[in-house]
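# A structural walkthrough
Listed below, chain by chain, are the residues.
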Amino acid sequence: MKEIEYKITDPNGIHARPAGVLVKTLKTFGSKVTVFKDDKNCDMKKLLALMGMGIKQGDTIKIQVEGDDEEACAKTLLDALKENF
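Below is a short write-up of the structure. (Residues numbered from 1 in each chain as written. Predicted model: local features only at pLDDT ≥ 70, side-chain atom pairs only at ≥ 80, totals over all residues. Heavy atoms only, no water.)

### Brief notes about the state of the cysteines
For the coordinates displayed, the defined rule picks out zero disulfides. In this structure cysteine 42 is not part of a disulfide, and its nearest cysteine sulfur, from cysteine 73, lies 14 Å away. Residue classification places cysteine 73 among the buried positions, given a relative accessible area of 0%. (Disulfide = S-S within 2.5 Å. Buried < 20%, exposed > 50% of the residue type's maximum accessible area, 1.4 Å probe, protein only.)

Shown next, in the form of structure tokens:
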């Protein structure tokens, strides 16, 4: 299992358009991807659940990636976070 901690820097937090691209990218991997914020968590491959987390600028999230392709999935996810959020 890979764990990533990331601080959101985008003024809009995790918002619809880039989140949709992120979810679409994650769905190409077989690994399970779970995001945690405070006492909430969700499957990061589900757009509505991800948007429902209410992740804003300045929030630090923890992400767990687990599966056969977790290394590649975690790297792609981190790159996408740095580029969009």
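Additional details are given in the paragraphs that follow.
### Examining the nonpolar core
The biggest cluster of nonpolar side chains holds 25 residues, and the ones touching the most others in it are Val35, Met44, Ile63 and Leu77. When residues of this core are traced back to their parent elements, those giving at least two are β1 (2-7), α1 (16-26), β2 (32-37), β4 (60-66) and α3 (70-84). The element contributing the most residues to this core is α3, with five residues. Among all residues touching isoleucine 63, those that are not within four sequence positions of it are Lys2, Glu3, Ile4, Val33, Thr34, Val35, Met44, Leu77 and Leu81. (Core = buried A, V, L, I, M, F, W, Y, C linked by side-chain atoms within 4.5 Å. Helix = DSSP H or I, 4+ residues; strand = E, 2+ residues; numbered from the N terminus. Contact = heavy atoms within 4.5 Å.)

### Quick notes on the packing of aromatic side chains
Per the stated rule, a full pass over the model turns up zero aromatic pairs. Directly above the ring of phenylalanine 36 sits lysine 62, whose terminal nitrogen or CZ lies 5.4 Å from the centroid. (Phe/Tyr/Trp six-rings, centres within 6.5 Å; stacked < 30°, edge-to-face > 60°. Lys NZ or Arg CZ within 6 Å of the ring centre and 35° of its normal.)

### Re α1
Because the α-helix completes a turn every 3.6 residues, residues three or four places apart line up on one side. Every buried residue of α1 is listed here: Pro18, Ala19, Leu22, Val23 and Leu26. The arc enclosing the buried residues of α1, seen along the axis, measures out at 140°, which places them on a common side. What points out from α1, more than 90 degrees from its buried face, is the exposed set Arg17 and Lys24. Packed against the buried residues of α1 are β2, α2 (47-52) and α3. (Arc of directions from axis to C-beta.)

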